[in-house]
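Take a look at the letters that make up each chain.
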Amino acid sequence: MFASALLRSSQPRLIVRAGRASAGTKFALRGYATFPGGKPNQARMGQGGGTTAKNDPSEKSFFSWLNNINPFALVGAATILISGYSLIIKPYFEWRTDLKKRADDRVKEEESGKVGYSDEEIAQFPFDTKNVVFVLGGPGSGKGTNSAKLVEDFGFVHLSAGDLLRAEQQREVSQYGELIGHYIREGLIVPHEITIGLLRNAMMDHPASNRFLIDGFPRNLVQAKAFEDTVCKAKKVLYFECPEATMLERLLDRGKTSGRTDDNIGSIKKRFRTYINDSKPVIDEYAKEGKVMTVSCEASVEDVYKHTHDQIETLLRTLKKQAAEEKQAPKEKQNAKEKQAPKEKQSAEEKQAAKDNSDKK
């Protein structure tokens, strides 16, 4: 519709005043139906070839052609184009761009194995049936080394809170990457909502396992309470007791090859302060509940692990016995109920008989 109006507005007008045809009329009658810059249609005029007169309208510039366009049509066309771009074209391309970005982000999340779980999946996961052991101790006390050996010997799933945080920091689509990096560099404790979310998802990634070693967590009492309120209670705490001088020596030596941003003297000292002020109280609190298994790290590497192995072996034996007792308890309760039923029935019959005899009298 707009194209037709524009074409009509660009054609010569027939203007007749007082019986005299205007130049526009003559132009139309002579068959000049060309656009700006074109040649007159001489074949229609029967003139054949030849040169164009100097005052030929077809020789006029673009402005002459533009002068014949209806200004209202021009404004209308511009308005339609602008409106169409703003209302249709621009939103469409923005939608396509956003759709592609979300698809790319989803692919990256799936490739990194960090796709979160829905609230329904979290609610249905049997966290209460899992045997969780917190592995605590100062930085460089040997938590990771001994945990790796326990995995081989007892089939635990080893979850390092520090490793999970560093992996999340490096993930391209992570919304917490920069925040986590800042806390790690400063030797501070990452907000528990982030750490617990990562640990919970990691546990759900291993639904068939019932044994978990959670290394380097909880770092303070707030984390401990939040984890037990939202995930599950820990069965025990494996605490590696190590002198600060020994830990410092180990960390500086590890920093030569680890590539970790927190294995430097500045970060190490901050981590020691955080451990003494925040993490040590967690161990003391669990000790009051009788849940702490302490392993001294002043012995040889072999002796330290032997002590660790014996502690965990004893724990698993105890947990197995408790599970058997809990499984047996409902059966014993049912058997006792069945034994009690005949006695209750007999007692009820005797009461009824006594009542009948009383009524007869």
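Structure: see above.
Please read these numbers as outputs of a predicted model, since none were measured by experiment.

*Asks:* Can you tell me about the overall build of the protein chain, naming the residues and giving the values?
*Replies:* Along the backbone of the protein chain there are 14 helices and seven strands. Going through the 361 residues of the protein chain one by one, you find that 31% of them count as buried. At a minimum sequence separation of 6, the contacts of the protein chain that also span at least 24 residues come to 70%. Accessible area of the protein chain: about 23700 Å², with a carbon and sulfur share of 54%.

*Asks:* Can you lay out the packing of aromatic side chains for me, pointing to particular residues and giving the numbers?
*Replies:* Tallied over the full model, the rule gives five aromatic pairs. Note on Phe134 and Tyr286: the rings are 6.1 Å apart at their centroids and 65 degrees apart in plane angle, and the pair reads as edge-to-face. Of this pair, Phe134 sits in strand β3 (residues 131-137) while Tyr286 sits in helix α13 (residues 265-288), placing them 152 residues apart in sequence. Comparing Phe134 with Tyr286, the two get one shared label, buried.

*Asks:* Please set out the packing of helix α12 (residues 244-258) against α13 residue by residue, giving values where relevant.
*Replies:* For the pair α12 and α13, interaxial distance at closest approach is 11 Å and the crossing angle is 145 degrees. Of the two possible hands of crossing, α12 and α13 adopt the one that is right-handed. Touching Glu244, Met247, Leu248, Leu251, Leu252 and Arg254 of α12 are Ile265, Ile268, Arg271, Phe272 and Ile276, all from α13.

*Asks:* Requested: an account of the pairing of strand β6 (residues 236-241), with residues and values cited.
*Replies:* In the sheet, β3 pairs with β6 via five bridges, with the strands oriented parallel. When the bridges of β6 are listed, Val135 appears paired with Leu238. Relative to strand β7 (residues 292-296), β6 runs parallel, the two being bridged by five bridges. Bridge pairing links Glu241 to Ser296 in β7.

*Asks:* Residues and numbers for the environment of Asp153, please.
*Replies:* Note that Asp153 resides in helix α7 (residues 143-154). With a relative accessible area of 44%, Asp153 lands in the partly exposed category. For the pair Asp153 and His309, spaced 156 residues apart in sequence, the C-alpha separation works out to 8.4 Å. Excluding its chain neighbours within four sequence positions, the residues that come into contact with Asp153 are Tyr305 and His309.

*Asks:* How would you summarise the state of the cysteines if you had to cite specific residues and measurements?
*Replies:* Each disulfide is one covalent bond, formed between the sulfur atoms of two cysteines. Enumeration over the complete set of coordinates arrives at zero disulfides. With no disulfide of its own, Cys242 has Cys297 as its nearest cysteine by sulfur position, at a separation of 4.7 Å. A relative accessible area of 5% places Cys297 in the buried class.

Calculation rules
Residues numbered from 1 in each chain as written. Predicted model: local features only at pLDDT ≥ 70, side-chain atom pairs only at ≥ 80, totals over all residues. Heavy atoms only, no water. Helix = DSSP H or I, 4+ residues; strand = E, 2+ residues; numbered from the N terminus. Buried < 20%, exposed > 50% of the residue type's maximum accessible area, 1.4 Å probe, protein only. Contact = heavy atoms within 4.5 Å. Areas by Shrake-Rupley, 256 points an atom, 1.4 Å probe, with all protein chains shown as cover. Phe/Tyr/Trp six-rings, centres within 6.5 Å; stacked < 30°, edge-to-face > 60°. Axes fitted to C-alpha atoms, helices over the stretch in contact; angles between N-to-C directions. Left-handed = near helix turned anticlockwise from the far one by under 90°. Pairing = 2+ DSSP bridges. Disulfide = S-S within 2.5 Å.

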